[in-house]
Amino acid sequence: MTPADSTSLDGDRLVIAVDGTSGSGKSSTSRGVAARLGLRYLDTGAMFRAMTWWLLREGVDVRDVAAVTAAAGRPRIESGTDPVAPTITVDGADVSIEIRRDEVNAAVSPVSAVPEVRARLLELQREVIGDGGIVVEGRDIGSVVWPQAGVKVYLSADPDARAQRRTAEQGGTDVASTQQSLLERDRIDSGRATAPLTMAEGAVHVDSTHLTLAEVIDTIVDLAARAGAEVAPEAREGS
């Protein structure tokens with residue numbers, strides 16, 4: 001499936017693309033926007049993590065591009081789209097906890113850089129997006145996965161704020177190490193040859209450094225309304 005030509009913003013067709021750096025709040029923001037607007041939700045990063053988890057479990061050397069390429073077509077990866085309780089399964093098994101572990105964090109960037117992995121997951125992502133009615137988060141949604149999204153957002157925050165948030169999410173204490181890891185992930189993802197992390201043409205840059213989660217959600221809901229989407233008054237007000 002390829003992106004449809006229509007950029008219709010009615011609720012059934014609306015696609016909101018949220019790209020940005022690690023730790024900038026993409027997941028919480030995207031889920032909040034989807035719940036507010038009654039849309040589905042897709043975390044494309046979880047799909048790359050699921051692929052990485054499966055490769056590690058199968059003993060594939062994730063830095064061996066040929067080996068990853070040969071194996072990338074084998075796992076069955078499925079994403080649930082309920083923003084309140086999103087799911088990710090591999091061959092029918094729930095891996096939502098496993099994909100957040102340190103070994104996956106350390107391996108996901110090289111796996112994500114393999115063109116065949118991106119091609120396989122791109123196809124799956126477009127199948128989920130379908131006719132729209134969804135908020136999709138990732139690194140290349142507005143630029144590659146669905147460039148005709150009705151609303152495109154590039155979400156960022158300064159490195160310290162991102163590290164503080166990610167450390168708190170993971171229940172850790174080493175903010176400096178977390179920041180170094182995030183910056184290295186950005187460096188790899190921004191420099192890869194295939195679908196690099198970038199702000200898509202037509203995207204609105206939202207800096208979440210000094211904003212609360214509710215304020216970021218409000219901003220994107222307002223962008224949807226200003227772009228022509230039908231947004232109920234109560235949704236705009238966050239009630």
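This text follows the structure it describes.
To start, this report covers the structure provided alongside it. (Residues numbered from 1 in each chain as written. Predicted model: local features only at pLDDT ≥ 70, side-chain atom pairs only at ≥ 80, totals over all residues. Heavy atoms only, no water.)

**Quick notes on the environment of Val144**
With respect to the helices and strands, Val144 occurs in helix α6 (residues 141–145). Taking C-alpha positions, Val144 is 9.8 Å from Thr194, a pair spaced 50 residues apart along the chain. (Helix = DSSP H or I, 4+ residues; strand = E, 2+ residues; numbered from the N terminus.)

**Focus: the sheet that holds strand β8 (residues 204–207)**
Spatially, β2-β6-β1-β7-β8 is the arrangement adopted by the five strands of the open sheet, whose pairing is parallel. The two strands at the open ends of the sheet, each matched to only one other strand, are β2 (40–43) and β8. On average, each strand axis in the sheet is inclined to that of its neighbour by 20 degrees, with strand direction left out of account. The pairing of strand β1 (residues 15–20) with strand β6 (residues 134–138) spans five bridges and is classified as parallel. Following the sheet pairing, Val18 is matched in β6 by Glu137. Along the sheet, helix α2 (residues 44–57) makes contact with β2 and β6, crossing β2 at roughly 40 degrees. (Pairing = 2+ DSSP bridges. Axes fitted to C-alpha atoms, helices over the stretch in contact; angles between N-to-C directions. Contact = heavy atoms within 4.5 Å.)

**Describing the layout of surface pockets**
Computed from the structure, the largest pocket encloses a volume of approximately 1000 Å³. Together, 46 residues line the largest pocket, and Ser27, Asp43, Arg100, Glu137 and Arg166 are the ones closest to its centre. The set of elements that each furnish at least two residues to the lining of the largest pocket consists of α1 (26–37), β2, α2, α4 (102–112), α5 (115–129), β6, α7 (159–169) and α9 (213–226). In the lining of the largest pocket, the residues fall into 11 nonpolar, 21 polar and 14 charged. When its volume is computed, the second largest pocket comes out at roughly 410 Å³. The wall of the second largest pocket is formed by 19 residues, among which Asn105, Ala106, Ser181, Leu182 and Arg185 lie closest to the centre. When residues of the lining of the second largest pocket are traced back to their parent elements, those giving at least two are α4 and α8 (175–191). (1 Å grid on protein atoms, 1.4 Å probe; cavity = no way out; pocket = protein on both sides within 12 Å on 5 of 7 lines; lining within 4 Å. Points joined across faces, edges and corners; volume = space filled by probe spheres on them. Nonpolar A, V, L, I, M, F, W, Y, C, P; charged D, E, K, R; others polar.)

**A word on α7**
Inspection of α7 places Ala161, Arg162, Ala163, Arg166 and Thr167 among the buried residues, and these make up the whole buried set. Directly after α7, the chain includes Gly171, whose backbone phi takes a positive value near 70 degrees. (Buried < 20%, exposed > 50% of the residue type's maximum accessible area, 1.4 Å probe, protein only.)

**Structural notes on unusual backbone geometry**
If you check the backbone angles, Asp91 has positive phi at about 50 degrees while not being a glycine. With respect to the helices and strands, Asp91 occurs in the loop between β4 (88–90) and β5 (93–94). Residue class for Asp91 comes out partly exposed when judged on its relative accessible area of 39%.

**Examining the sheet that holds β5**
If you walk across this open sheet you meet the three strands as β3-β4-β5, and the pairing is antiparallel. Of all the strands in the sheet, just β3 (77–79) and β5 have a single pairing partner and so form its edges. Here β3 runs beside β4; their pairing, made up of three bridges, is antiparallel. Residue pairing across strands places Ile77 opposite Val90, the latter belonging to β4. Of the strands in this sheet, β3 and β4 touch α2, which is tilted by about 30 degrees from β4.

**Focus on the nonpolar core**
Core analysis: the biggest nonpolar cluster contains 38 residues, and Met51, Leu55, Ile77, Val117, Leu121 and Ile129 have the highest contact counts within it. Breaking this core down by element, the ones donating at least two residues are β1, α2, α3 (65–71), β4, α4, α5, β6 and α6. In terms of nonpolar packing, the next biggest core, distinct from the first, is built from 22 residues, Leu14, Val18, Leu37 and Ile220 among them. (Core = buried A, V, L, I, M, F, W, Y, C linked by side-chain atoms within 4.5 Å.)

**Notes on the pattern of salt bridges**
Using the criterion set out here, one finds seven salt bridges in the structure. A salt bridge links Glu58 to Arg57; the shortest N-O distance between them is 3.0 Å. You can call Glu58 partly exposed: its relative accessible area is 36%. Within the structure, one salt-bridge network assembled from shared partners comprises Arg57, Glu58 and Arg74. (Salt bridge = Lys/Arg side-chain N within 4 Å of Asp/Glu carboxyl O.)

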